[in-house]
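Listed here are the chains, written in short residue letters.
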Amino acid sequence: MMLTKPDPQHTQLYLDGVSVSFDGFRALNNLSLIIMPGEMRAIIGPNGAGKTTMMDVITGKTKPDRGTILFDGDTNLTEMDEAGIATLGIGRKFQKPTVFESHTVWDNIDLALAGRRGPFATLFHRDGADDDRILAILETIRLSGRRDVLAGALSHGQKQWLEIGMLLAQEPKLLLVDEPVAGMTDAETAETARLLREIAQTRSVVVVEHDMTFVRDLDVKVTVLHEGSVLSDGSLDHVSADPRVIEVYLGR
Amino acid sequence: MRILLLLLSLLVTPLVWAQATGPLIDALGADDFAAREQALTALTETDDPAIVPALKALENGQLYRRLSDDKVVIGQEQGESITLTDPLTGEALGTQAAGDLERIRVNNRLRRAIDASLGALTLRSPDAAVRQSAADAVFVSRDAATLPLLETALAAETDARVKRSLEQARAAILLADATLGTDDKLSAIAIIADKGGQAALALLSPLTSSTEPAVAKAATEAVRLIENKLAWAAAAQNVIYGLSLGSVLLLAAIGLAVTFGVMGVINMAHGEMVMLGAYTTFVVQEIIRAHAPGLFDWSLLIALPLAFVVAGGIGILIERGVIRFLYGRPLETLLATWGLSLVLQQAVRSIFGPTNMEVGNPAWMAGAFQVGEVTITYGRMWIFLFGLMVFAALMLLLRRTPLGLQMRAVTQNRSMARAMGIRTARVDALTFGLGSGIAGLAGVALSQIDNVSPNLGQGYIIDSFMIVIFGGVGNLWGTLVGALSLGIVNKLLEPLAGAVLGKILVLVGIILFIQARPRGLFALKGRAIEH
Amino acid sequence: MQGGILLPRLDRAGLIFGAVALGLAILIPILNLIVPTDSAFHVPPHVVALMGKYLCYALLALSVDLVWGYCGILSLGHGAFFALGGYAMGMYLMRQIGPRGMYGHPTLPDFMVFLNWQELPWYWLGFDQFWFAAIMVLLAPGLLAGLLGWLAFRSRVTGVYLSIITQAMTFALLLAFFRNDMGFGGNNGLTDFKDILGAPLQADGTRSALFAASAIALAFGFILCRWIVRSKLGRVLVAIRDAESRTRFLGYRVEQYKLLVFVTSACMAGVAGALYVPQVGIINPGEFSPANSIEAVIWVAVGGRGTLIGSVIGAVLVNFGKTLLTNALPEIWLFALGGLFIAVTLFLPRGIVGLWTGYWAKRREKQAASIATQPVTEGS
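An unreviewed UniProt entry lists chain C under the name Urea ABC transporter permease subunit UrtC, from Niveispirillum lacus. Here chain C is described in UniProt, under the heading Subcellular location (unreviewed entry), as follows: "Cell membrane".

1. Some thoughts on the overall build of chain C
Check the secondary structure of chain C and you find 14 helices and 4 strands. A compact globule built from 380 residues should have a C-alpha radius of gyration of about 21 Å, and chain C, at 21 Å, falls within 12% of that. Its C-alpha atoms give chain C principal-axis dimensions of about 65 × 55 × 50 Å. Here chain C, with 380 residues, has 57% of them falling under the buried criterion. Here the analysis covers contacts within chain C between residues at least 6 apart in sequence; of these, 78% occur between residues at least 24 apart. On chain C, roughly 15300 Å² of surface is accessible, and the fraction owed to carbon and sulfur atoms is 68%. Taking the 26 positively charged and 18 negatively charged side chains of chain C as two groups, their mean positions are separated by 14 Å.

2. A word on the packing of helix α20 (residues 476-497) of chain B against helix α21 (residues 499-516) of chain B
All names here are of chain B. Where α20 contacts α21, the two axes come as close as 8 Å, and the packing angle between them is 135°. By the angle class used here, α20 and α21 are oblique. The chirality of how α20 crosses α21 is right-handed. Contacts between α20 and α21 involve Leu486, Val489, Asn490, Leu493, Glu494 and Ala497 from the first element and Ala499, Leu501, Gly502, Lys503, Leu505, Val506 and Ile510 from the second. When the residues that make up the contact of α20 with α21 are grouped by side-chain class, the tally is 9 nonpolar, 2 polar and 2 charged.

3. Some details on the packing of helix α11 (residues 290-303) of chain C against helix α13 (residues 330-347) of chain C
Between two packed helices, the angle of one axis relative to the other and the distance separating the axes together describe the packing. All names here are of chain C. It is at 10 Å that the axes of α11 and α13 come closest, and there the two elements cross at 55°. On the basis of the axis angle, α11 is oblique to α13. Judged by the sense of rotation from one axis to the other, the crossing of α11 with α13 is left-handed. Contacts between α11 and α13 involve Ile294, Glu295, Ile298, Ala301 and Val302 from the former and Trp333, Leu337, Leu340, Phe341 and Val344 from the latter. Of the residues in the contact of α11 with α13, the class split is 9 nonpolar, no polar and 1 charged.

4. Regarding the interface of chain C and chain A
With 33 residues of chain C in contact, the opposing surface of chain A contributes 36 residues. Taken together, the two surfaces of chain C and chain A that pack against each other cover about 3400 Å², and 61% of this comes from carbon and sulfur. For the pair chain C and chain A, the interface holds 6 salt bridges. Its salt-bridge partner being Arg253(C), residue Asp81(A) comes within 2.9 Å of it at the nearest N-O pair. Contributing elements (two or more residues each) for the side of chain C that touches chain A: α7 (204-230), α8 (232-242), α9 (244-249) and α10 (254-280) of chain C. Counted by class, the side of chain C that touches chain A contains 16 nonpolar, 7 polar and 10 charged residues.

5. Points about the pattern of salt bridges
The full count for this structure, using the stated rule, is 45 salt bridges over all chains. As a salt-bridge pair, Glu319(B) and Arg320(B) come within 2.8 Å of each other at their nearest N and O atoms. Exposure remark for Glu319(B): the relative accessible area of 0% places this residue in the buried category. Residues joined by salt bridges that share partners form a network here, namely Asp107(A), Asp110(A), Lys232(C) and Arg235(C).

6. As for the interface of chain B and chain C
Taken together, the 40 residues of chain B in the interface contact 42 residues of chain C. When chain B packs against chain C, close to 3700 Å² is buried across both sides, 79% of that on carbon and sulfur atoms. Ranking the residues of chain B by area buried against chain C places Leu331(B), Leu335(B) and Gln515(B) at the top, with a combined share of 19%. At the boundary of chain B and chain C, one finds 1 salt bridge. Taking the shortest distance from any N to any O, the salt bridge between Arg305(C) and Glu332(B) comes out at 3.8 Å. When contributions to the side of chain B that touches chain C are tallied by element, the ones reaching two or more residues are α14 (330-352), α19 (458-471) and α21 of chain B. The element contributing the most residues to the side of chain B that touches chain C is α14(B), with 15 residues. Here the residues of the side of chain B that touches chain C sort into 29 nonpolar, 7 polar and 4 charged.

7. Observations concerning the confidence of the model for chain C
Low pLDDT marks regions whose predicted coordinates should not be analysed in detail. Looking at chain C as a whole, its pLDDT mean stands at 88, while 93% of the residues score no less than 70. In this model residues 374-380 of chain C is a low-confidence stretch, pLDDT under 50, and it forms 23 contacts with partners more than four residues away in sequence or in other chains.

8. Looking at the sheet that holds strand β5 (residues 75-76) of chain A
Residue and element names in this part refer to chain A. Spatially, 4 strands are ordered β2-β1-β4-β5 in an open sheet, and the strand pairing comes out antiparallel. Of all the strands in the sheet, just β2 (25-35) and β5 have a single pairing partner and so form its edges. Looking at chain direction, strand β4 (residues 66-71) and β5 are connected through 2 bridges and run antiparallel. Within the sheet, the bridge partner assigned to Leu70 lies in β5 and is Asn76.

9. Section: the packing of aromatic side chains
Applying the stated rule across the entire model yields 31 aromatic pairs over all chains. Pairing Trp356(C) with Trp360(C) gives two aromatic rings, centres 5.9 Å apart and planes at 65°, and the pair type is edge-to-face. Residue Trp356(C) and its partner Trp360(C) are located together in helix α14 (residues 351-364), separated by 4 residues, close to a single helical turn. Here Trp356(C) falls in the exposed class, since its relative accessible area comes to 55%. A residue is classified by how much of its surface remains accessible, and Trp360(C), at 30% relative accessible area, is partly exposed. Among the aromatic residues, ring-to-ring pairing joins Tyr87(C), Trp122(C), Tyr123(C), Phe177(C), Phe184(C) and Phe288(C) into one connected group. If you follow Arg414(B) out to its NZ or CZ, it ends over the ring of Tyr327(B), 5.5 Å from the centre.

10. Details of the sheet that holds strand β5 (residues 101-103) of chain B
Residues and elements named next belong to chain B. Taking strand neighbours across the sheet as the criterion, the 5 strands line up as β4-β3-β2-β1-β5 in an open arrangement whose pairing is antiparallel. Among the strands making up the open sheet, the edge pair consists of β4 (92-97) and β5. Averaged over all adjacent pairs, the angle separating strand axes in this sheet is 40°, with direction ignored. Of the pairings in the sheet, the one linking strand β2 (residues 72-78) to strand β3 (residues 81-85) comprises 5 bridges and is antiparallel in character. Note that in β3 the partner of Glu77 across the bridge is Ile82.

11. Remarks on the pairing of β3(B)
With burial as the criterion, only one face of β3(B) is covered, namely that bearing Ile82(B) and Leu84(B); the residues Ser81(B), Thr83(B) and Thr85(B) on the opposite face remain uncovered. The antiparallel hairpin formed by β3(B) and β4(B) contains 6 residues in its connecting segment, where Gly90(B) sits at a positive phi of about 75°.

12. Overview of the state of the cysteines
Residues and elements named next belong to chain C. Considering all chains together, one arrives at 0 disulfides over all chains under this definition. We note that Cys56 lacks a disulfide partner, and the nearest cysteine sulfur, in Cys225, lies 15 Å from it. You can call Cys56 buried: its relative accessible area is 2%. Looking at Cys71, it has no disulfide partner, and the nearest cysteine sulfur is the one in Cys225, 13 Å off. Look at Cys71 and you get buried, because its relative accessible area is 3%.

13. Description of the side chain of Ser299(B)
All names here are of chain B. Inspection of the secondary structure assignment puts Ser299 in helix α13 (residues 299-321). Only 3.2 Å separates the side chain of Ser299 from the side chain of Gln285, close enough to count as a polar contact. Beyond its immediate stretch of four places on either side in the chain, Ser299 contacts Val284, Gln285, Ile288 and Pro362.

14. Digging into the pairing of strand β7 (residues 374-377) of chain B
Looking along a regular strand, one sees side chains alternate from face to face of the sheet. All names here are of chain B. Only one face of β7 is covered, namely the one carrying Val374 and Ile376; the face carrying Thr375 and Thr377 has none of its residues buried. Bridge count between strand β6 (residues 368-371) and β7: 4 bridges; the pairing is antiparallel. Each bridged residue has a counterpart across the sheet, and for Gln370 the counterpart in β7 is Thr375.

15. With respect to the environment of Leu113(A)
Residue and element names in this part refer to chain A. Within the secondary structure layout, Leu113 lies in the loop between α3 (105-112) and α4 (119-123). With a relative accessible area of 2%, Leu113 lands in the buried category. Placed 59 residues apart in sequence, Leu113 and Met54 show a C-alpha to C-alpha distance of 25 Å.

Calculation rules
Residues numbered from 1 in each chain as written. Chains lettered and ligands numbered in written order. Predicted model: local features only at pLDDT ≥ 70, side-chain atom pairs only at ≥ 80, totals over all residues. Heavy atoms only, no water. UniProt positions renumbered as here; feature names shortened; annotations may be inferred. Helix = DSSP H or I, 4+ residues; strand = E, 2+ residues; numbered from the N terminus. Rg over C-alpha atoms; globule rule 2.2 N^0.38 Å. Buried < 20%, exposed > 50% of the residue type's maximum accessible area, 1.4 Å probe, protein only. Contact = heavy atoms within 4.5 Å. Areas by Shrake-Rupley, 256 points an atom, 1.4 Å probe, with all protein chains shown as cover. Lys, Arg positive; Asp, Glu negative; His and termini not counted. Charge placed at Lys NZ, Arg CZ, Asp CG, Glu CD. Axes fitted to C-alpha atoms, helices over the stretch in contact; angles between N-to-C directions. Parallel < 35°, antiparallel > 145°, perpendicular 65-115°, else oblique. Left-handed = near helix turned anticlockwise from the far one by under 90°. Nonpolar A, V, L, I, M, F, W, Y, C, P; charged D, E, K, R; others polar. Buried area = accessible area lost by both parts, 1.4 Å probe. Salt bridge = Lys/Arg side-chain N within 4 Å of Asp/Glu carboxyl O. pLDDT = per-residue confidence, 0-100. Pairing = 2+ DSSP bridges. Phe/Tyr/Trp six-rings, centres within 6.5 Å; stacked < 30°, edge-to-face > 60°. Lys NZ or Arg CZ within 6 Å of the ring centre and 35° of its normal. Disulfide = S-S within 2.5 Å. Polar contact = N/O pair within 3.5 Å; in protein donor to acceptor, adjacent residues only side chain to side chain.

What follows is the structure, given as C-alpha cells:
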C-alpha cells in the first residue's frame, strides 16, 4: 500500500480522492487507485463496494462529486463524455454482455473498429476497407465461423467473447472488464482468462470479478474495494490473509 | 299564516309606528308633486324604517294609488293585472286590474328627495349591516345633499366599522367640494387612501393634478399606495386561480402518477378514464333527476364511488386484456393505449352522442365568497380541497396499507417480490385499477367545471404527462408540487401573455426544463433508475 | 461494394422501388389525361388527387420509419414537420392568389385584410418566390427538428420521454397556429388557392403533375433512406436503437447521429406536407393535432417498422381503408383505427412486412440479413 501521494506522471490511470454519492449513499468514498501502463489488475469486493460505480466514473457515465481522474498521466477524464473517453482509448465491457443483437457478428466488430466516429464519416464510409482487421479479430475471439450470424443468436459465452472482440477492435490503451465470466462454464472461464492475459500483453486491463478461481487464474495484483474505498491490495494470497478482508467477506 | 306574519312584523316593526305612518303614506297619493314632497318630508321625519319599501317602490315606479279607496299600495305588474301588497306590513292584498290603480309619478326633484330620505332612514337603521350598506351607497353616490344626515349619523354611530365607512363617505363628498380648505382636503385624502380599491383610485386620480402642491403630492402618494395594494390583490387573485387550475391538473395527473410514475406504464387512455368518471356523474344525475330529485345535492358524493369503480374496473380490464402483454415495451404500450383511447371515445360518442352533456352543480358548489379583495368560488374551493384529499388518501394507501407495500415492492423489484410470494400479476392489475379509478374521481370533479364531452380527456392527457415528468417520475410529492406550480405559473402568465400564449410558454418551458433536468424536479439519483 | 463515395450506392430494392414509383408517375397521368373518360382504364381526377394524397402520407410514414424503425426515436411530432412544410407551401400559394382574393388587395391575403392588417408581416416576405418557399419547406421543419433534437439528444432524453416531448411540441404549435395574430390564418388556415407555378390548381393537368411530383419525391425519399440505412451510418443507428450506451462506449457521439437522422427525417416530412397541401387545397392548424402524428406512427407499425417499404405499404393501406370506411360507416372508423393500434402492437409487432419476411425466412430457413429486424430490447 502506498502511503505517499504518488506522481501521476507515467501512469495509465490515476484516481485520487474520488467520491460519488447517490441520495446520501456514498458509492465511492475518497477512492485512490493507480494502474500502470501494461498492468493487469483484478478488483474484488463484496456487493455494493463501488466496483461498478468506479467503472462508471472512469468511463464518464457518472460524474464524480470530488476527486481527480487522469488518463495517460495528463488527460482529465472528469471533463469528458463517454464517447470522448472511448476515443481516447478506454474500452469497457459491461457486466451483462451487451452486443448489437440485430447486427451480425461481423458488423459488431466493424462498428467497434478504431476509426473516424462522426456521422458523415460513417455515411460515406466504404465497406471492405477494414476486412483484414475484422478477420484477425474474429480469429482471436474464435468466432470466424459465425461471422454472418446475428449476434442475438449467439450463446452467452460467445456474446461475452464478441464483446471482448469489439473492445479489441477499439484498440484501447486501457480495458475495463466487468465480471467477464459470470454465467460461463468452466471451460469458457479458462478460455476467457487466456484471452484476457493475451490482451493484457499490449495494454492495461482492469478486471472486476467475483469468481476467485478466475482471479487466481489471472495471477495478477488484486485490489479489494469496500464501501467505496480501497481496503487492501497485493497478491491474491496476500489479500486473502488480510484480517480486514476476511472480516468483510465472512464477518457479520 | 296571517297570524305568523303579524307576529313577525311585530318583531321587526314596532306596531305604533305602523299605526302612525299609515295615513302619511296614503298622503303620497296626493295630486301634485309639491304635496307629495311634503308628504315625503313628513314621512322621513317619522324616522320609521318600515317606510323604506314604500319609498323604494315609489322610486321604481311601483307605488300605486288604489282608486276605490285612495289607499297607497305597492304593486307588481303581472301582465294585465297588478299584484298588490301593503307598503308597511308587506301583507298581500290580492290582485287588481291595472285600470283600478293609478301609478304615483315622480319627477327628478322628488327622486332626489327620495334618495336623500332613503339614505337618511337607512343610515339610522337599527341594523348595523343596513347602515353599513347605506354608508357604502353614499360613498358611491357622493350626493352633497346627504352631508347633514351623514354628520348626524356619524355623531350617533357606535359601530367602529360603520363609523369608518361613514367617515369615508363624508370624505368622498367633501373632496368634491372645490372650496374645501387644504388641510381638510389632506385629511379627506388620507381617509380615502385608507379605504383603497378601484373607487378610491377613481376619486383620487383627478387630485394628482391639483393646483395645490400639498394636495397633489398627497394624492399622488395615495394613488401609488392604492395601486400597489391593487396589484398585490390582483396577484393574490391570480395565485388563487392558479391554485385552482393546479388542483384540477393535480386531479388529472395524480392517477397518471400511479400508472406512469409508479408502474412505468404509458397509458394514453388515461384521459378517457377521466372522461368516464365525468360521464358516470352525468348518468348518476340523470337517474336522480328522474327518480329522486331531492337527492340532487348528494349527486356528486354518490357519483364518486361509482366513478372510481367504473373507471377502475375498466382500467383493470385494460391491464388484463392489453397492457400486461406489453410490459417492458413502453413505446408499444403507448401506441396500444392510444388505440384504446380512440375506441373509448368513439364508444362514448356512440352511446351518448357527440354533444356536451348537461351536468349540474349542487347548491353547495355554487356561489362565491370574498377574502379581502380576492374572490373564491365554492366550486373551485371544494375541487382544491378534494384534490388534496385524494392526494393524501393515495399517500396513505401507498405508505400504510399492505396493498401499498406490495405495490411498492413489485415496482422496485418484481422478481424478488414474486419470490416472496406476492402475486405480482394481481398487484399490477390492482395498481393500474387504482390509477384509473383516481382518474375517474378526477372526472367527477372536472364535470363541474369543464364540458362533459367525449373529448374531455384529450384536453388533459398532455398536461398530465408533462406534470408527472416535470415533478419527477415515481415521485408523488413531485406531482403535487408540479401540478400546483404549473397551475400558478400558467395563471400568472395569462394576464401578461394571454391564455393561449401563456399555455404555449408553459409547454415550451417544460420542454426546456426537461432538457436541463431529464429526470424532473425531484429526481431520483443513482443506479437504481437506470433500466 | 461498388460505386463512388458520394453517389448513393443504389441497391436492388431501392432501384425497384424507384422504377415502380416512376412508372406510376408516368402511368397515372396518362390514364387520367389521355385515356378517354369512357374507357375502363380511365382514372378520374379525384382518384388522382386521392392517390397523390396517399403518396404524401407514404413519404411522411417513410420519414417516421427512418427515425423510429432504425434509430428507436418514437416521434409523436412528425405531423408538425409535415404541417410546417405544408404551411410554407401554403404561404407561397396564398401569395400566388395576388389581387384575386375576395377583398382584392394586391398583396395581402384575405385573412389579413379581414384582420385590418396594413402590410405583410416580415416572415411572409419572399414567399411569392417558389424557390424561396421550396427552401423554407426544408428549412422550417429542419430547424425546428434541429433545435428540439439538439436540446433533447444532448440531455439524453430518450424513449417515452422523448415521445411525450415531441407530442407536447406539436400540441404547442397547434395552439400557436390557432391564434389569429400569428399571421397564419388562425383557425381557418390557408386556403382558396388559385394556382401553382402559373398552372391552375383545379386543372387535371396540374393534378396529374402534382401526383407525378409526389411519386418522384417518394422515390427519392425511399432511395435516400435506403442509402442511409445501408451505409455504416445506418448500422450505427441500429446499434443506437438496440444498445445506446454500448454505442456511446464505443466512441460514437450518439446525439450527433440522432440529430442528423432526426433533421433529415423532419425535412422529408416537410416535403411530404408541401406536396400534400396543393393537392387537398387547404392547410389549417388541425394538421398539428397530436392525433395526426400518432396516426402516422401506426401506418409504420402496420406495415412493419424498420423495413422502409413497410411504412409505404402501411400508409397506403391504412389510408385506403380510412377512405372506404369513412365513406361507408363513419362511426366505425375510429373503432377500426383504435382496434388497429391494439391489434398491431399485440399480434403483429413486426407488421405486414415482418409477417411476410418471417414466412419466407421460415420456409427457406435462411435469415434475411439485409433487412434490419425487430429490436430485441428497447434502449439500454
